[in-house]
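One letter stands for each residue in the lines below.
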Amino acid sequence: MSSDGPYGRHGFSNNGAYGGASSYSGGGSYSAPGSYGQSYGGASYSAPTAGSYGSQQYGQPAPANDWGQQPDDDKTKTGRRSIAVQALNHNILIWAGFFTASLFVYFLVSGRDFSFLMTYGAMSRMFGFGILNVKTFTSKRATGISMKTLQLYCLVFFFRLTSIIRHEGYLPYDKTGDWLYHLIEILALIFTASALWGCLSPFKQTYQADFDKFGEMHVPPGFGAVYLAVPIMVLAVLIHPNLNNDFLSDVAWTYSMYLESMALIPQLYMFQKQASGVVELLTAHFVAALGFGRVMEFAFWIYSYHELANSAGSALPGYCALFAQFMQLVLMLDFFWYYAAAVKNATPLVLPSHSGMGIV
């Protein structure tokens, strides 16, 4: 931030039926299990209700089946509940670890300044791409990952680093702006490039190119991201602040800001194109972490956008930055809703086929 502003670098200022509908009779008839759960835009999933699996109620003796044997429903129910609890505990541990590290940085490194929100947003992005690497390299699969989003984020981190390494105008004012913010952005670039390499090389056979189709019109396959990268570059050249008093550095930072606001669109588009609508939970954690980071940065820039003025003193670059971040959050509203429900219920994240925004 500029030294003149309040955040300058140099001063503080269900139906539940699962298999219960099936029957086998001596007459040779067989009915398939009923549908599993309720529908979300064509994709169906719901956790079993607490009271029943099929038609069997808790606390009642299980009826004998056609062969005179008692079904082992109690053991099955206990196993399913145990798996759900383990998944919920795993989700809690992932985010608890992140929030614990955040508190450590806030109290011991940052000096408890408001500009820590910028560093917090960067930490959340790095955390998200770290989760994505864990998902990719432990499962040895690149399913559900948009390579276009990874390409765009590589550009985001690269251009931001070219600006903040050479100048201080856009760094957090607190102590994290001395070195930690740079380190976080470098690690985020490494994690992003690593995930992109996983999609391109060792796990290429599992990458779902048929779903990752954003922008593939009149361009070679896999290059659809140019429809976001090129226009946004033009916008950054035309409308940018000048906190560094250096054209290339100012444009590079502005480009990373604008581009990051649009970089998740290919991933959200890919979610919509998946026929089942089911999103792997670690992939969902990855997207949620990026969204949470954007919320933190948006909160910061609401109070600091006036510092993003151009050489003529106009606050237009600040308004553009706020608008771009706000639009990203609007596009993710549906995702945040279904993500919270999935984590709470320890169930897979199921997105509807369409939404009011047409993205998720």
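Residues numbered from 1 in each chain as written. Predicted model: local features only at pLDDT ≥ 70, side-chain atom pairs only at ≥ 80, totals over all residues. Heavy atoms only, no water.

## Some points on the overall build of the chain
Broken down by element type, the chain carries ten helices and eight strands. Split into buried and exposed, the 360 residues of the chain put 48% on the buried side. With an accessible surface of roughly 17,200 Å², the chain has 64% of that area assigned to carbon and sulfur atoms. (Helix = DSSP H or I, 4+ residues; strand = E, 2+ residues; numbered from the N terminus. Buried < 20%, exposed > 50% of the residue type's maximum accessible area, 1.4 Å probe, protein only. Areas by Shrake-Rupley, 256 points an atom, 1.4 Å probe, with all protein chains shown as cover.)

## Remarks on the packing of aromatic side chains
Applying the stated criterion to the full structure yields 32 aromatic pairs. Relative to F127, the ring of W95 has its centre 5.1 Å away and its plane inclined at 65°; by these criteria the two rings are edge-to-face. Taken as a pair, W95 in helix α1 (residues 73–110) and F127 in helix α2 (residues 116–139) lie far apart in primary sequence, 32 residues in all. F127 gets classed as buried once you look at its relative accessible area, which sits at 15%. Ring centres 5.8 Å apart and planes at 75° place the aromatic pair F214 and Y269 in the edge-to-face group. Taken together, the positions of F214 in the loop between α4 (180–200) and α5 (226–238) and Y269 in helix α7 (residues 265–273) put the pair 55 residues apart, joining distant regions of the chain. (Phe/Tyr/Trp six-rings, centres within 6.5 Å; stacked < 30°, edge-to-face > 60°.)

## Some points on the pattern of salt bridges
Applying the stated criterion to the full structure yields 13 salt bridges. Of the charged contacts in the structure, one is a salt bridge between K148 and D212, with a shortest N-O distance of 3.9 Å. You can see K148 sitting in helix α3 (residues 147–164) and its partner D212 sitting in the loop between α4 and α5, a full 64 residues away along the chain. Pair check on accessibility: K148 and D212 agree, each one buried. Note that E216 is salt-bridged to K213, the shortest N-O span being 3.7 Å. E216 sits in the partly exposed class, given a relative accessible area of 24%. (Salt bridge = Lys/Arg side-chain N within 4 Å of Asp/Glu carboxyl O.)

## Remarks on the nonpolar core
F335 and L349 are the most contacted members of the largest nonpolar core, which has 82 residues in total. In terms of residues, this core owes the most to one element, α2, which gives eleven residues. Once residues within four sequence positions are removed from consideration, L349 is found in contact with G277, V278, V279, A284, F335, Y338, Y339 and A342. (Core = buried A, V, L, I, M, F, W, Y, C linked by side-chain atoms within 4.5 Å. Contact = heavy atoms within 4.5 Å.)

## Looking at the confidence of the model for the chain
Across the chain, the average pLDDT comes to 79, with 73% of residues at 70 or higher. Confidence over residues 10–70 falls short of pLDDT 50; this stretch has 92 contacts with residues more than four positions distant or in other chains. For the stretch residues 354–360, pLDDT sits under 50, and the model shows 17 contacts to residues farther than four places along the chain or on other chains. (pLDDT = per-residue confidence, 0-100.)

## A short note on unusual backbone geometry
Both trends apply: most residues other than glycine have a negative phi, and most peptide bonds are in trans. One non-glycine residue, K140, adopts positive backbone phi at about 55°. With respect to the helices and strands, the residue K140 is situated in the loop between α2 and α3. K140 sits in the exposed class, given a relative accessible area of 54%. If you check the backbone angles, N245 has positive phi at about 50° while not being a glycine. Tracing the backbone through its elements, the reader meets N245 in the loop between α5 and α6 (247–262). N245 gets classed as exposed once you look at its relative accessible area, which sits at 67%.

## Observations concerning the packing of α6 against helix α9 (residues 316–331)
At a closest axis distance of 8 Å, the pairing of α6 and α9 adopts a crossing angle of 20°. In terms of their interaxial angle, α6 and α9 are classed as roughly parallel. Classified by chirality, the crossing of α9 by α6 is left-handed. Where α6 abuts α9, its residues M257, Y258, E260, S261 and M262 lie against P317, C320, A321, A324, Q325 and Q328. Partitioned by chemical class, the residues of the contact of α6 with α9 number seven nonpolar, three polar and one charged. (Axes fitted to C-alpha atoms, helices over the stretch in contact; angles between N-to-C directions. Parallel < 35°, antiparallel > 145°, perpendicular 65-115°, else oblique. Left-handed = near helix turned anticlockwise from the far one by under 90°. Nonpolar A, V, L, I, M, F, W, Y, C, P; charged D, E, K, R; others polar.)

## Focus on the side chain of D174
Position of D174 among the secondary structure elements: in the loop between α3 and α4. With relative accessibility at 1%, the residue D174 sits in the buried group.

## Concerning α5
Here α5 spans 18 Å end to end across 13 residues, near enough to the 18 Å set by a 1.5 Å rise per residue. Those residues of α5 not exposed but buried are L228, A229, I232 and A236. Buried residues in α5, looked at end-on, bunch into an arc of 90°, giving them a common side. In this structure, α5 carries V230 and L238 as exposed residues pointing more than 90 degrees from its buried face. (Expected span 1.5 Å × (residues − 1). Arc of directions from axis to C-beta.)

## Comments concerning a nonpolar patch on the surface
Side chains of M217, F223, V226, Y227, V230, V234, V237, L238, F247 and L248 sit close together on the surface and give an oily, nonpolar patch of about 990 Å² of accessible area. Secondary-structure elements contributing two or more residues to the nonpolar patch are α5 and α6. It is α5 that provides the largest number of residues to the nonpolar patch, a total of six residues. With respect to the helices and strands, the residue V230 is situated in helix α5. Accessibility expressed as a relative area gives 51% for V230, which makes it exposed. (Patch = residues over 30% accessible without salt bridge, like charges linked within 9 Å, V, L, I, M, F, W, Y side chains within 5 Å.)

## Some details on the environment of F335
In this fold, F335 is placed in helix α10 (residues 333–345). The spacing of F335 and G291 is 44 residues in sequence and 9.5 Å in space, taken between C-alpha atoms.

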